[in-house]
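Letter by letter, the chains look like this.
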Amino acid sequence: MTRLVLLLFGAAQFVAANPAAAEAEVKLSAPLRQVAAHLGEGGAHYSVTNVAGDAEKLASALDGLFAPMREAGGEFPPGLNFEKLVRELEIHRVTALGQSVHRVGDYWHNRMFLATGGHRDGLLSVLGGKGTPFVGSAYALPDTDLLIEVEVNLKQARDVAGIIADAFGPEESRQLREAMAEKMLKGALTVGDFLGKFQTRLSVAVTLDPGSRIPVAEGVTLPGASLVARLDGGKWLWETCHEALAEGAEEVERNGLEILMAPEPMDSPMGPIQPLLAMDVASGSIWAALREADLEKVRKPGGERLVGSAPFQAAMAGLPAQGNALAFTSSRFMGELNRLLKEAEKNLPADGGTVVAMVSAYLPALAGDPMPYAAVIENNEEGVLVASNGPEPIKGRAMLSSSGMIVALSAMATPQIFRAMKRAKAAQNVGMAKQVVMAQHTYAIDNDGVFAPSLEALTEARFLPVDSPVLSMICEDKEPRPWICVPGLTNVSAPEMILLYGPEPSEGKRIVARVDGSVLLVPEGEFQELLAAQKEAGN
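Calculation rules
Residues numbered from 1 in each chain as written. Predicted model: local features only at pLDDT ≥ 70, side-chain atom pairs only at ≥ 80, totals over all residues. Heavy atoms only, no water. Salt bridge = Lys/Arg side-chain N within 4 Å of Asp/Glu carboxyl O. Helix = DSSP H or I, 4+ residues; strand = E, 2+ residues; numbered from the N terminus. Buried < 20%, exposed > 50% of the residue type's maximum accessible area, 1.4 Å probe, protein only. Contact = heavy atoms within 4.5 Å. Phe/Tyr/Trp six-rings, centres within 6.5 Å; stacked < 30°, edge-to-face > 60°. Pairing = 2+ DSSP bridges. Axes fitted to C-alpha atoms, helices over the stretch in contact; angles between N-to-C directions.

Honestly, the pattern of salt bridges in this entry has me stumped. Any pointers?
For side chains bearing opposite charge, pairing can occur when the charged atoms are close. Applying the stated criterion across every chain yields a total of 13 salt bridges. The salt bridge involving R254 is made with E292; its shortest N-O contact spans 2.7 Å. Of this pair, R254 sits in strand β10 (residues 250–254) while E292 sits in helix α11 (residues 292–299), placing them 38 residues apart in sequence. Note that R299 and D280 form a salt bridge whose closest N and O atoms lie 3.5 Å from each other. Of this pair, R299 sits in helix α11 while D280 sits in strand β12 (residues 276–280); the two residues are 19 residues apart in sequence, bridging distant segments of the chain. Residues joined by salt bridges that share partners form a network here, namely E149, E151 and R201.

Right, dumping it as structure tokens:
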């Protein structure tokens, strides 16, 4: 364990003071030169490090650390192999990384680059392929206060979820498969089909209206807002889900749009709104807005747009004009955020701990005059670039040390996580046992007060479906096993009599359902004594 911690924290501390010094004193390897090319020169902070093979080494160390737990058949999922998981999620593709911080005018210009060799599989695929020109700033109006644009590849997210579920065991894998098979939107498609097709670019533009205030808590208000969103490449979604989306909506066609909108305007804290969805017949893009007038403004040809506004250009200076994700906030938005943070700090209790610390940490960075800020994520042929113009420097040393701390804390927290998972599983089992007990009492009403002697009797009498999952308890590291009924009991038997119990204990306790309908977790030794006494008494 000591060697693991030394590896984590020692590897995190390589920091070169600046690129010029690094070039003078150290001949950078090809991967590090590639990273350095994306970081710029000079600056208040500069760091590069080679991490090729580190993910596999860390995973191998974690596998060794948890091997005793796996062999003991305890809390650790027997099929979870960190080294295999790292490979399947393609985390090992990150071979080098670096970070730089420059002071540029009133901004801190932060850049971080992860060298991946252009691989976009596993976790690296969720943001899609190679970055493309941003579209939101081309339609958003100049007074837009918040613009979020992101390429979303949910097909890969579905596949990644499958890899993780398979790693944790057959039960988690089964639950995921069942979730993916669930029908949605009136049975138009399954969840899995929906995710498999969902590869698109979503942009959302929000304009604040400070003159319209919405009370959210005592002494705290938010400004009103207008919102327009666009989903590119969504024609398939519109055609597949049109029937479900159209239910209860007014359907109209105008200005090259197929529109579904609320039949009547409705009152809201932001004034009258009439939400709508619309598909652009020519482009196949899907639009959403709170008011049709807001949509008409952004679709009107000509006129000024956010991309040409001075605040947007200042916030985007030195950032890529294309990529896979973009976030822009106006000075008005940052002013509102600063006000809200101050209100939060004022209203939070003195013993608020982490929450107070998190809120207070942002205030100094926002203490000056509000400014517009922007951040971009770009996939390119060599890796992933994250760049921003923000109110404070994001220093690599802190980032790397924090990453090491997170890994170490995660390792220490893993047993607690598995215990929490077990408690959740126990709660699910208790809920299923209660459903079987309810079925037993319903059976007794129709059978002169006599409880069903077995689960088969319950299903044959159709008080529970034969394939109902509640008939079995979710067991540790095994297939679900059926509950055990105690025959010969009636609804006038002693209320503390055991009517039903789990096939095995969990964490030293047995799930027990009694005649009075209660379901308890009873220590295994006590359960065995109660069951033996009940059998000896002839029940």
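Where do I start with unusual backbone geometry in this structure?
Of all residues except glycine, most have a negative phi; of all peptide bonds, most are trans. With a phi angle near 55°, N255 is a residue other than glycine that sits in the positive phi range. Considering the arrangement of structural elements, one finds N255 in the loop between β10 and β11 (257–261). For N255, a relative accessible area of 54% corresponds to the exposed category. With phi around 65°, R462 is a residue other than glycine that occupies positive phi space. Checked against the element boundaries, R462 lands in the loop between α16 (455–460) and β18 (472–473).

What's the story with the environment of V307 in this structure? I'm lost.
Mapped onto the elements of the fold, V307 is located in the loop between α11 and α12 (310–315). For V307, a relative accessible area of 42% puts it in the partly exposed group. Spatially, the C-alpha atom of V307 lies 8.3 Å from that of Y139, the residues being 168 residues apart in sequence. For V307, the contacting residues outside a window of four places in its chain are S137, A138, F312 and Q313.

Any chance you could explain the packing of aromatic side chains here in plain terms?
Where two aromatic rings form a pair, the distance of their centres and the angle of their planes describe that pair. According to the stated counting rule, one finds five aromatic pairs in the structure shown. With a centroid separation of 5.9 Å and an interplanar angle of 80°, the aromatic rings of Y107 and Y373 are classed as edge-to-face. A residue pair is termed long-range when its members are at least 10 positions apart, and Y107 in strand β3 (residues 107–115) and Y373 in strand β16 (residues 373–379) qualify at 266 residues. For the pair shown, Y107 and Y373 are each scored as buried.

Can you walk me through the sheet that holds strand β22 (residues 509–514) in this structure?
Strands belonging to one sheet form pairs held by backbone hydrogen bonds; the direction of such a pair is parallel or antiparallel. The strand order across the open sheet formed by four strands is β20-β21-β22-β23, and the pairing between neighbours is antiparallel. Lying at the two open borders of the sheet, with one neighbouring strand each, are β20 (484–485) and β23 (519–523). With three bridges joining them, strand β21 (residues 498–501) and β22 adopt antiparallel strand pairing. Bridge pairing in β22 links L500 to A513. Across the sheet, helix α17 (residues 524–536) lies against β21, β22 and β23, angled at about 110° from β23, the strand it touches most.

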